[in-house]
Amino acid sequence: LDRPSAGKLTVDGRDLFKLDEKGLVEYKRNTVGFVWQNNARNLIPYLSAWQNVQLPMRFAPGSHGRKQRERALELLEMVGMGHKKDSRLSQLSGGEQQRIAIAIALANNPKILLADEPTGSVDTKTGNYILDVFRELNKNLGLTIVIVTHDRQLSKKVSRVVAIRDGKTSS
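Remember, predicted model here, so these are calculated numbers, not experimental data.

Scoring rules and cut-offs
- Residues numbered from 1 in each chain as written.
- Predicted model: local features only at pLDDT ≥ 70, side-chain atom pairs only at ≥ 80, totals over all residues.
- Heavy atoms only, no water.
- Helix = DSSP H or I, 4+ residues; strand = E, 2+ residues; numbered from the N terminus.
- Rg over C-alpha atoms; globule rule 2.2 N^0.38 Å.
- Buried < 20%, exposed > 50% of the residue type's maximum accessible area, 1.4 Å probe, protein only.
- Contact = heavy atoms within 4.5 Å.
- pLDDT = per-residue confidence, 0-100.
- Pairing = 2+ DSSP bridges.
- Axes fitted to C-alpha atoms, helices over the stretch in contact; angles between N-to-C directions.
- Right-handed = clockwise from strand over helix to strand, strands pointing away.
- Expected span 1.5 Å × (residues − 1).

**Notes on the overall build of the protein chain**
Next up, step 1: A tally of helices and strands in the protein chain yields seven helices and seven strands.
Next up, step 2: For the protein chain, the succession of helices and strands along the chain, N to C, is β-β-α-β-α-α-α-α-β-α-β-α-β-β.
Next up, step 3: For 171 residues, the compact-globule estimate of 2.2 N^0.38 gives 16 Å, and the protein chain sits close to it at 16 Å.
Next up, step 4: Projected onto its principal axes, the C-alpha coordinates of the protein chain cover approximately 45 × 40 × 30 Å.
Next up, step 5: Split into buried and exposed, the 171 residues of the protein chain put 36% on the buried side.
Next up, step 6: The contacts in the protein chain between residues at least 6 apart in sequence include a share of 59% that link residues at least 24 apart.

**Quick look at unusual backbone geometry**
Next up, step 1: Phi is positive for Asn109, close to 50°, though the residue is something other than glycine.
Next up, step 2: Despite not being glycine, Glu117 shows a phi value in the positive range, around 45°.
Next up, step 3: With respect to the helices, strands and loops of the structure, Glu117 is situated in the loop between strand 4 (112-116) and helix 6 (124-141).
Next up, step 4: A residue is classified by how much of its surface remains accessible, and Glu117, at 10% relative accessible area, is buried.

**Structural notes on the confidence of the model for the protein chain**
Next up, step 1: With 96% of its residues at a pLDDT of at least 70, the protein chain reaches an overall mean of 85.
Next up, step 2: Ranking the helices and strands of the protein chain by mean pLDDT puts helix 3 (residues 49-54) first, with 93, and helix 2 (residues 39-42) last, with 72.

**Quick notes on the sheet that holds strand 3 (residues 32-35)**
Next up, step 1: With parallel pairing, three strands are arranged side by side in an open sheet as 3-4-5. In this open sheet, the two edge strands, each paired with only one partner strand, are strand 3 and strand 5 (144-148). Here the strands of the sheet are splayed against their neighbours by 15° on average, with no regard to which way each runs.
Next up, step 2: In terms of strand pairing, strand 3 meets strand 4 through four bridges, oriented parallel. For Gly33, the partnering residue across the bridge sits in strand 4 and is Leu113.

**Notes on the pairing of strand 4**
Next up, step 1: Where strand 4 and strand 5 come together, five bridges link them in parallel fashion. Across the sheet, residue Asp116 finds its bridge partner in strand 5, namely Val148.
Next up, step 2: Where the polypeptide runs from strand 4 across helix 6 and back to strand 5, its parallel neighbour, the crossover connection is right-handed.

**Description of helix 5 (residues 94-106)**
Next up, step 1: Relative to the 18 Å expected for 13 residues at 1.5 Å per residue, helix 5 spans 19 Å between its end C-alpha atoms, a close match to the ideal helical length.
Next up, step 2: Across the 13 residues of helix 5, twelve count as buried, placing the element largely inside the fold.
Next up, step 3: For helix 5, the complete set of buried residues consists of Gly95, Glu96, Gln97, Gln98, Arg99, Ile100, Ala101, Ile102, Ala103, Ile104, Ala105 and Leu106.

Below you can see the structure in the form of structure tokens.
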């Protein structure tokens, strides 16, 4: 979300340092998906799960109602939440909200998914389910997923870990 201040940052062959404001907006809209730690940032409470997933699609050029509804249902099924498509935020557990947030993050068909503590507010079983969803997305869609976490147990369950301490990285 912030403009980088130093270093090098290339995503999908694009140098983010060279993008103007319009280019950054287009990048955020079309290249990256976000899963926030705080569910309130992911979901609009007065919309159903289905409507929440369709919302980002409304900003995509050439997107139509029927295709949006079909794609939203496909994404909800992908995260195991098709049966809750008509539910509102207040009718969903924290884990269910987080899985719907993942579907929302995938609505723009991103090349990279950024997840901030995606298992931080869920129980172990749901956390493992979310990781399984991420693995399937990586394997089947070739989606790059970057998870930010303080959970050392979670870091043991992923294929690559990069530790950041005092602004320096180590792999």
